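Remarks on the overall topology
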Amino acid sequence: MSTTRTKNTREEAEKVRLATDVTPLTLKEAVRRSERPTRKRLIFSPEENLVKTSKKSRRTKTVHTNTLKKSKVEKQEDSDIENSDVECASDVNGGLSAYELERLENIRQNQAFLSAINLYQATETLRESTRPKPSQRGLMRSKAAPKDVLPSRKSLRLQNKEAEIPPSLQDLRASLPDEETLRFSKKPPGPLPVVPLNVEEGSRLPSELIELCAQVSVEQERAKLNQKEYCAVLKTMKITEAKVAKVVKDRITCAAFNPCTSSLLMAAGDKFGKLGLWNLGSDWGDDGVLLFEPHSRAVGCMAFSNANPVHLLSLSYDGSVRCMDVEKAVFEDVYDMNDDAKTFDFMTHDCMTLVVGSWSGLVAIVDRRTPGNSQESLHILDPKCVRCVSVHPVQKHYFAAAENRVVSIYDSRCLKKTQNKAVSQLHGHSLSISSAYFSPWTGNSVLTSCMDDKIRLYDTSVMTADTPLLTSISHNMHTGRWLSKLSAVWDPKQEDSFVVGSMARPRTVQVFHESGKLQHSFRDNKHLTTVLSITAFHPTRNALLGGNASGRLHVFSD
């Protein structure tokens, strides 16, 4: 009994000793645990997470700042140790270290090496070669007149004043025509003197020009070349710097070759009524260019007379048709209608009778031998427009008229004042037609250009009511408002080939066979960098001209 009590007493004493025997670490843990409040926490608390994140970012930022400061101090100490031996040299060289001095020396040596191999000059040459400049031959740019320095103007509105116009000034303004009327005022009727605008006042036409135009072109026997021979001839035709010149001041709207064979004499008209003559290789005027102003609005069509090459006929939108007689040095007044004249063609071999078409759908038959400037007869074909007329080369009483969306062939012997019926019609065009031309030798086909991006050829060997379609060629015809419309025209020396400008890059002029096969593309990356909308072949020589929107003519010849 006593033994059991003693054992229990010892166990209780051991428990008390163990409870009182507390180490400092255990005591600290006990105190720390006792200080922490016991509370329930939510499973997700956005505010608590935000606080934790901000505390963590501040702690991370503090550690990063301390690390940067420590590394900066260490680098500064290392730099002081390394640069201690070059401190004197840095002071002597304006505060530059040895590394900076070595860098400057390397730059100097590299520049000296590049200068020794002429790299800078080669770079400038390459830059100039990749940017071809337009030809500076032909008409020169007129220098702008110096502007007068006027006193500064003060706004009456800001001064709270009303503008007062004297009554006399109001009457003067009402009586003066506006700027557009002055610019497009029609030339007076009757003959006009042939006075070049780009030569000294009082100068006459060069005698060489008169002799050149008076040459009688010898009619050679036409020998049709096969496709292989014709392509070989086209490949021999090249362009050079001397074959590009500015002939008129603004966008070229029409151009033609003179039929003389001893030299290449060309004419071009622009959108403001100017007419330019250019003899390739001549030195009169500006590099062989003479500029005239026979019209007040755009020159829509022009052609040299085959019977008398000294006569150049031109038609303008101002409604006038004039004949430039080089021998008489006068612009004769051939025909004058109200306005909107668009196109003409010769109806006789002596080129004395014309058929003239207008935008308003009228067609006039004009005889140059009749005194005055009126027509022989006037006919209404289409109430909308007539964009192009072309006379049959053999049967001269037939002529094709490109109307709105159809080409109609009429017989001039059966024309009435109104309600004229076509002999044959060429259907299939979905948009407006730019041009329509009979083939140059036989007239057995008609070549049309349409804004639906198609060039078509029709069989006109037999005049039927509906002319059958021979070939349709896809071609981009969308030139926009700043370029002249593209028109496919025949080569007068070849019955089955025609030429047309192109919108493709690099810039090119394309020659097609009537079957639709591309025969040749005229290209030159240096001298042909613009769209040549107006194209024409020489009637006897291997030469092709192209006119662009800046008034320049480009010539490809053998």
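Residues numbered from 1 in each chain as written. Predicted model: local features only at pLDDT ≥ 70, side-chain atom pairs only at ≥ 80, totals over all residues. Heavy atoms only, no water.

Observations concerning the overall build of the protein chain
Assigned secondary structure in the protein chain consists of 10 helices and 29 strands. Taken across its 558 residues, the protein chain has 40% of its residues classed as buried. Restricting the contact set of the protein chain to residue pairs at least 6 apart, pairs at least 24 apart contribute 54%. In the form shown here, the protein chain has an accessible surface area of approximately 34,100 Å², with 53% of it arising from carbon and sulfur atoms. (Helix = DSSP H or I, 4+ residues; strand = E, 2+ residues; numbered from the N terminus. Buried < 20%, exposed > 50% of the residue type's maximum accessible area, 1.4 Å probe, protein only. Contact = heavy atoms within 4.5 Å. Areas by Shrake-Rupley, 256 points an atom, 1.4 Å probe, with all protein chains shown as cover.)

Details of the sheet that holds strand E7 (residues 299-304)
Judged by pairing direction, the sheet is antiparallel, and its five strands sit side by side in the order E1-E10-E9-E8-E7 without closing on themselves. The strands lining the two open edges of the sheet, one partner per strand, are strand E1 (192-193) and E7. Of the pairings in the sheet, the one linking strand E8 (residues 311-316) to strand E9 (residues 320-325) comprises five bridges and is antiparallel in character. For His311, the partnering residue across the bridge sits in E9 and is Asp325. (Pairing = 2+ DSSP bridges.)

Let's talk about the environment of Trp284
Following the sequence through the fold, Trp284 ends up in the loop between strand E5 (275-279) and strand E6 (289-292). Through-space distance from the C-alpha of Trp284 to that of Val199 is 9.2 Å; in sequence the pair is 85 residues apart. With residues near it in sequence (within four places) discarded, Trp284 still touches Pro206, Glu208, Leu209, Asn279, Val289 and Leu290.

Some remarks on the pattern of salt bridges
A full pass over the atoms with the stated rule returns nine salt bridges. Between Asp491 and Lys493 there is a salt bridge whose closest N-O contact spans 3.0 Å. In this pair, the class of Asp491 matches that of Lys493, namely buried. Members of the salt-bridge network, linked through shared partners, are Lys187, Lys274 and Glu293. (Salt bridge = Lys/Arg side-chain N within 4 Å of Asp/Glu carboxyl O.)

A short note on a nonpolar patch on the surface
A surface patch of nonpolar side chains, amounting to about 220 Å² of accessible area, comprises Leu101, Leu104 and Ile107. Note on placement: Ile107 falls in helix H5 (residues 98-116). For Ile107, a relative accessible area of 33% corresponds to the partly exposed category. (Patch = residues over 30% accessible without salt bridge, like charges linked within 9 Å, V, L, I, M, F, W, Y side chains within 5 Å.)

Examining unusual backbone geometry
The residue after Arg505, namely Pro506, is reached through a cis peptide bond having omega -5°. By the element assignment, Pro506 lies in the loop between strand E24 (497-501) and strand E25 (509-513). The phi dihedral of Ala329 is positive, around 55°, even though this residue is not glycine. Inspection of the secondary structure puts Ala329 in the loop between E9 and strand E10 (330-336). The backbone of Asp453 shows a phi angle near 65°, a positive value even though the residue is not glycine. Examined against the element boundaries, Asp453 turns out to sit in the loop between strand E20 (445-450) and strand E21 (454-459).

A word on the side chain of Ser439
Positionally, Ser439 belongs in the loop between strand E19 (433-438) and E20. Residue Ser439 is classed as buried on the basis of its relative accessible area of 1%.

Topic: the confidence of the model for the protein chain
Of all residues in the protein chain, 76% attain a pLDDT of 70 or more, and the chain-wide mean is 83. Across residues 22-36, where pLDDT falls below 50, the model places one contact with residues more than four positions away in sequence or in other chains. (pLDDT = per-residue confidence, 0-100.)

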